Structures are given as C-alpha cells and as structure tokens.
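Structural features, examined
Given next are the chains, with one letter for each unit.
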Amino acid sequence: MRIVIAEDSVLLREGLAMLLDAGGHEVVAAAGSGPDVLPALLEHRPDAAVLDVRLPPGFRDEGLRAAIEARRRLPGLPVLVLSQYVEQTYAAELLAGGAGGVGYLLKDRVGRVDEFLDALDRVAAGGTALDPEVVSQLMTSRRDPLQELTPREREVLGLMAQGLDNATIAATLVITERSVSKHIGAVFAKLGLPPTDSGHRRVLAVLAYLNA
Amino acid sequence: MNAALRRSARATGELVGALRTGLPAMAGLVPLTAALALSLLLLPWLPSAVKPLRALANAERRRAGRVLGREIPEPYRPSSGEGLGEARRLLRSPSTWRDAAWMAAHGLTALMAAAVAVAVWPAIPFTLSLPLWWWAAPEGSQAAFITLDSWPKALTMPFLQGAFDLAILLWLVPRLLRWQARLAEVLLSPTRRTSLAERVEELTETRAEALEAHGAELRRIERDLHDGTQAQLVAAALRLGLADRRFDADPDAARTLFLEARNGVEEALTQLRTVIRGIYPPILSDRGLAGALRALAAAQPIPVELHVEEARAPAAVEAAAYFVVAEALTNIARHSGARHGWVALRREPARLTIIVRDDGKGGADPDRGSGLAGIRRRVAALDGTTRLDSPDGEGTTLQVELPCGS
C-alpha cells in the first residue's frame, strides 16, 4: 500500500515509517505540520493516510480537520487518525460522511504492531477501526435505540464498531460464528437498517451508534 | 393642606411601624450588648450573638428601604464557616459594629419618635377646643406652656399651641420618619470603606484557599506521575535491560520480558492520559470551552441541552468551568434520577456564568456530596460564587459565576 503519514514528532514519524515499511507498505510522503497534509494527499493520492490529530502550528485538531477535508476532496480516501487521547466527538465527526474507510485509534495501539497493521488494513479496505476506548465511552453514554439491545447484542455491536469481523468477534466472545451473525441480524433489525446494501450495514450500525 | 396631612398620617403610621424594629432594638439593648461584650470573652459564641442582631438589622433595611424608596443592600458576606474563625471574622467585620451602633441609636429614638407622632394627633383637637371648656379643665391647665387662668389667655394661647402642634405634625413628623430611615441607611448600608474591607478580607481568604488548592493539586500530580507513570516506565526499562542480557541465551524468556515491558509502557500511557486530563482536558485546548462542553453533553446518558456562547476566557477559568459542568453532569447522571439536563454558559465582559439544571428529584446537599464540595472549592479558589438550589422533587439548579478579570 502507498501511504502518506502526518506526525510532527520526528521520532514517532520515523518509527511509524519503519513500522509501515516492515509491514510491507510504502510511505510516499511524510508531513510534519497541518498545512502540509492536504497538498501531500492531493499530490500522491495514497491508498491510505495515517494522521496525528494534533499537528503544528496550532497543536489543536489540525490533523483531524485535514482528514475530514481530505475525505471531502478525495471521497473514500481511507484515513486512520491517531491521537494521544480519544474523544467520541472526533470519531463521530470522522464518520459523519457515512462511508467506511475510517479509523480512530489511540497512539498507544501502535505498540501492538500486528493489531495496528490489521486495523490499517481494515480501514484501507473500507472498514472501520475504532479504538476500544472510544467504544467503551459510547457504551456508557446514551444512545436511545441502543436501549433495546440486549447486553450481548451491545457487546457484539461494540466489537463491530471496533471494526472486527464475525470470526474475530466469535473468538473474542467465545461463541459460534452462527450466533454472532444472529446477534448482528438482531442489531440491524433493532436499529432499523434495511437488509439491502449489506456491505455497508456494519458501518451504518456503527454510525447509528455514534449519532443516535 | 390635605396632602400634607395625609403625608403626616402616613408618616405616623410608619413611625409606629418602626417600633417593630425599635422595640426589639430597645429591649435587646441590654441583653444583646451584654451578649456581645461577653462574646468577646467567649469568642466562639459571637456568631450566635450576632445572628439576632443581623436579623433585626435586615428587617430594618427592608423597612427603611421601603420608606426611602431605594434598597439598602446587606453588607454581610456569606458565612464561610463556624466557630472561632467565623467569630474572628465577625469581630473584625465593620458591619458587626455598625449594626450594633444602629441598634443603640434606633433603640433609643424609635419609641420617642413614635410617641411624638402618635401624641400630636389628639393633641391638636384637644388644644383647639380648650377655649370652649377651659373653665371646666382641672386647675392649672396649660397651653403653650402658659397656665390658663383668664379669658384672654384661654382665647389666644390654645391657638398658638395648636399652630405649634400643627407644625410638628406637618413638618416634623414626616422628617422624623425620613431621619430615622436615613440613620438606618447611613449605618446599615455597606460603605465604600466597609465593602472594601470586607472584600479584602474575602480575597485574603480565597487567595489562601487558592494557594492551598494549588498546592494540593501539585502534590497530587507529582504523586500520580512519580508513583504511577514513572515507576511503570522504570519497570519497563528494567525488563528491556533484562531482555537484552538474556536475548542470546534464552530468546523465549527475552520475548516474555519484551511483552511485559510493552504492557508496562501501555499502562504508563493510560495513567499519563488520566493525569493530563486532570490538569487540563485536551479537548478544551482543541475545541475551546463550547466545543468541550458539547463533547461532554454528548457523552451523557440522558439528553443534555446546551446554550453556550462561543467566547474564550482565561485558561484557568475555562478549565474550572469545564470541571464544574463535568462534575455537575456526573452528579446528575448518578444521583438525580433526571430525564433531562440543561447547561447554559453566558460570557459577560467581567465574568462567566454557568448554569446546570436538571429535572430530577432535587434535595442535593453540598455538605454531603463530595462532588458539590469540590465544585465549591474550585470556584472559590478563583474568587467565584456557587449557588445551589435543590428543592425536594423540583430538580436541581447549580449556578456558578467565575470572574474573568477582563
């Protein structure tokens, strides 16, 4: 995969490049500040972008804004946003477009190299990768349609939101894959998601969860 | 003439009404002075001795304010505690002594003023009718201080006396009322000097509290970083060092140590996030107060309606405002049983007003909830004010004002 990264800390930028390189990807550009991100993305049109939320000059949410703007200009551009902390508002803003190909992870997750590369693959393939901490934030907060879900269904939806596939969910919860798809079907039904457009329903379910 | 009479009649009524504070002031003069004097020896009882005095002075403020047609504000600052500290504060507070001075002045004059006003009314018809029956009056009857013993005197003096009484009625009685009210105003309203003194007192105290709170905060942060994060990182480094030594001899053991080190670092990062959030929530610097509050509201288990003005305030004020709302919303979610919450934020040039309201069961008690006490401390440290209104069954309203000094 051709990847553009944006990270202001040189150490972390080099580390990320090394890690992606080791994962068989090619880092085509590395931006160090907010205003550099969009031109780099437009020039290289990568297969995925890995962006830090906080970038110079303001050290606020330049990376996040750049990601949202880039997805507006390049629809479907897979973007994985890294942050030192997680905020469900940011996850909701990233996903607001409705399409997949979005990830929002704590920087800590980079340490678990395989899981991080998996998440990147999922995002590049149009899936989602939400940090478990975002998901647990969501779980404790109000989402009215979610009131009707059983605890097990909420668990399954939480893992779906993290971007896991049925097999992984089944393994995590120690249940059969069949019952996972049964739970997912129930979740879709309770959230009022039509059975068409099946590829997107997972994303829509996560969205319903974020925006309800 | 009619209008003047009516004014005098009203003034008489008011002067009699002033006895509501005048008589207690007079009756209280001896025991309360004794109590105040004794309290100086038995300092801890001063607050209870001052309480009835303040109640009386407040009644007079309302009464005199009505007479003057302008409000007489209370100079007292809210009691900040009990016992010796509060007693010392009362002792130093000029309003305590001004209240006492007013009580003495009012107690000594109110009855006389009322008596004059009440007596002058029947006195006028009485003196004016004297010429008709002076001969039947007891020996030695007087008008205008002259004993009536002959017709000429009886026919002139009562009218002189009547004119004098009328002057008292029309001129003096309304003035008595005014003087009485002015006396109350002069002694009972906060003067620039007393309000400045009280303000300095208050600032000295909040400054001490702020320093105390700041010190405690620094110690907490130091402890969290030192005992938590730093220790975790040391342990991780230690494992990496061990893994390095064992790598050639026992790669499997080295691998275990690597993984343990990674877990340690992850743990340290999690703790670090908590510490940072406690110092200054990152979302606040990313999105400003309005954005941070929106994020906060969105994360609540019940719907929270926001009315927030976008405006920046000093970082310390914004952080305090954020923590106040966060704490209040946590309280609502945990204890209130509310179905809806409201958060309003108003930015005025000199201050930031925060109102957090819910429709829960009310009955919140700042003396029991550590959250509310924390809010109060945090707000007081910035010289702000906290007001909690939580009647049983009617929801809770928390209003906080934080000065912005700009």
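With an unreviewed UniProt entry as reference, chain B is termed histidine kinase, source organism Actinomadura luteofluorescens. UniProt annotates chain B under Catalytic activity (unreviewed entry) with the comment "ATP + protein L-histidine = ADP + protein N-phospho-L-histidine."

Named according to an unreviewed UniProt entry, chain A is DNA-binding NarL/FixJ family response regulator originating from Actinomadura luteofluorescens.

Scanning chain B for helices and strands turns up eleven helices and seven strands. Counting all 406 residues of chain B, 41% fall into the buried class. Counting only contacts in chain B whose residues sit at least 6 apart along the sequence, the fraction spanning at least 24 positions is 69%. Carbon and sulfur atoms make up 62% of the accessible area of chain B, which amounts to about 22100 Å² in all.

Let us now look at the overall build of chain A. Within chain A one finds ten helices and six strands. The proportion of buried residues among the 212 residues of chain A is 52%. If you take every contact in chain A between residues at least 6 apart in sequence, the share linking residues at least 24 apart comes to 65%. Surface exposure of chain A reaches about 9000 Å², of which carbon and sulfur atoms provide 55%.

The next subject is the packing of helix α1 (residues 10–22) of chain A against helix α5 (residues 113–124) of chain A. All names here are of chain A. For the pair α1 and α5, the least separation of the axes is 11 Å and the interaxial angle reads 75°. Taken together, the axis directions place α1 and α5 in an arrangement best described as roughly perpendicular. Along the contact surface, α1 presents Leu-16, Leu-19 and Leu-20, while α5 presents Val-113, Phe-116, Leu-117 and Leu-120. For the contact of α1 with α5, the class distribution of residues is seven nonpolar, no polar and no charged.

All names here are of chain B. As enumerated under the stated definition, the model contains five aromatic pairs over all chains in all. Centre to centre, the rings of Tyr-322 and Phe-323 are 5.9 Å apart; their planes meet at 80°, and the pair counts as edge-to-face. Exposure remark for Tyr-322: the relative accessible area of 9% places this residue in the buried category. For Phe-323, a relative accessible area of 18% gives the class buried.

All right, on to the sheet that holds strand β7 (residues 396–403) of chain B then. Residues and elements named next belong to chain B. Across the sheet, five strands lie side by side as β3-β4-β5-β7-β6; this open sheet has mixed pairing. Bordering the open sheet on either side are β3 (304–308) and β6 (385–389), each of which pairs with just one other strand. Strand after strand, the sheet turns through a mean of 10° between neighbouring axes, direction not considered. Both strand β4 (residues 341–347) and strand β5 (residues 351–358) contribute to a ladder of seven bridges, which runs antiparallel. Following the sheet pairing, Leu-345 is matched in β5 by Ile-354.

A separate point is the interface of chain A and chain B. Interface size is commonly expressed as the accessible area that is lost once the parts come together. At the junction of the two partners, chain A supplies 24 residues and chain B supplies 21 residues. Here chain A and chain B share an interface that buries about 1900 Å² over both sides, 37% of which is from carbon and sulfur atoms. For the pair chain A and chain B, the number of links is six salt bridges. Of the charged contacts, one joins Glu93(A) and Arg287(B) as a salt bridge, the two residues approaching to 2.7 Å between their closest N and O atoms. Secondary-structure elements contributing two or more residues to the side of chain A that touches chain B are α3 (62–73), α4 (88–95) and α6 (132–140) of chain A. The dominant element in the side of chain A that touches chain B, judged by the number of residues it contributes, is α4(A), at four residues. By residue class, the composition of the side of chain A that touches chain B is seven nonpolar, six polar and eleven charged.

What follows is about the nonpolar core. Tyr104(A) and Leu402(B) are the most contacted members of the largest nonpolar core, which totals 70 residues. For this core, the leading source of residues is helix α10 (residues 315–336) of chain B, giving twelve residues. Discounting chain neighbours no more than four positions away, the residues touching Leu402(B) are Val317(B), Ala320(B), Ala321(B), Ala350(B), Arg351(B), Leu352(B), Ile354(B), Val379(B), Leu382(B) and Gly384(B). Ranked by size, the runner-up nonpolar core spans 24 residues in total, among them Leu36(B), Leu56(B), Ile72(B) and Trp102(B).

Taken together, Asp114(A), Glu115(A), Asp118(A) and Asp121(A) make up a surface patch of like negative charges. In this structure, Asp114(A) sits in helix α5.

Before going further, it helps to spend a moment on α1(A). Residue and element names in this part refer to chain A. The terminal C-alpha atoms of α1, which comprises 13 residues, lie 18 Å apart, in line with the 18 Å expected from a rise of 1.5 Å per residue. The secondary structure elements touched by the buried residues of α1 are β1 (2–6), β2 (26–31), β3 (48–52), β4 (79–83) and α5. Once α1 ends, the next one or two residues include Gly-24, with phi positive near 85°.

Before going further, it helps to examine the confidence of the model for chain A. When pLDDT is averaged along chain A, the result is 84, and 86% of the positions lie at 70 or above. The secondary structure element of chain A with the lowest average pLDDT is helix α10 (residues 198–211) of chain A, at 64, and the one with the highest is β1(A), at 95.

Turning to the UniProt feature "modified residue: 4-aspartylphosphate" (unreviewed entry) in chain A, a few remarks are in order. Residue and element names in this part refer to chain A. Under the UniProt annotation, the feature "modified residue: 4-aspartylphosphate" (unreviewed entry) is placed at Asp-52. Residue placement: Asp-52 occurs in strand β3. Given a relative accessible area of 4%, Asp-52 falls into the buried group. Once you skip the residues sitting within four places of it in the chain, Asp-52 turns out to touch Ala-6, Glu-7, Asp-8, Gly-63, Leu-64, Leu-82, Ser-83 and Lys-107.

Now for a nonpolar patch on the surface. Residues and elements named next belong to chain B. Together, Leu-38, Leu-41, Leu-42 and Trp-45 give the surface a local cluster of nonpolar side chains, amounting to about 480 Å² of exposed area. Note on placement: Trp-45 falls in the loop between α2 (19–41) and α3 (46–68). Its relative accessible area of 55% is what places Trp-45 among the exposed residues.

All names here are of chain B. Taken from the UniProt record, the annotation "transmembrane region" (unreviewed entry) applies to residues 100–124 and 155–173. Here residues 100–124 is 100% helix and 0% strand, with 37 Å between the C-alpha atoms at its ends. In this annotation, residues 155–173 is assigned 100% helix and 0% strand; the end-to-end C-alpha distance for the span is 27 Å.

Reading guide: rules and limits
Residues numbered from 1 in each chain as written. Chains lettered and ligands numbered in written order. Predicted model: local features only at pLDDT ≥ 70, side-chain atom pairs only at ≥ 80, totals over all residues. Heavy atoms only, no water. UniProt positions renumbered as here; feature names shortened; annotations may be inferred. Helix = DSSP H or I, 4+ residues; strand = E, 2+ residues; numbered from the N terminus. Buried < 20%, exposed > 50% of the residue type's maximum accessible area, 1.4 Å probe, protein only. Contact = heavy atoms within 4.5 Å. Areas by Shrake-Rupley, 256 points an atom, 1.4 Å probe, with all protein chains shown as cover. Axes fitted to C-alpha atoms, helices over the stretch in contact; angles between N-to-C directions. Parallel < 35°, antiparallel > 145°, perpendicular 65-115°, else oblique. Nonpolar A, V, L, I, M, F, W, Y, C, P; charged D, E, K, R; others polar. Phe/Tyr/Trp six-rings, centres within 6.5 Å; stacked < 30°, edge-to-face > 60°. Pairing = 2+ DSSP bridges. Buried area = accessible area lost by both parts, 1.4 Å probe. Salt bridge = Lys/Arg side-chain N within 4 Å of Asp/Glu carboxyl O. Core = buried A, V, L, I, M, F, W, Y, C linked by side-chain atoms within 4.5 Å. Patch = residues over 30% accessible without salt bridge, like charges linked within 9 Å, V, L, I, M, F, W, Y side chains within 5 Å. Lys, Arg positive; Asp, Glu negative; His and termini not counted. Charge placed at Lys NZ, Arg CZ, Asp CG, Glu CD. Expected span 1.5 Å × (residues − 1). pLDDT = per-residue confidence, 0-100.

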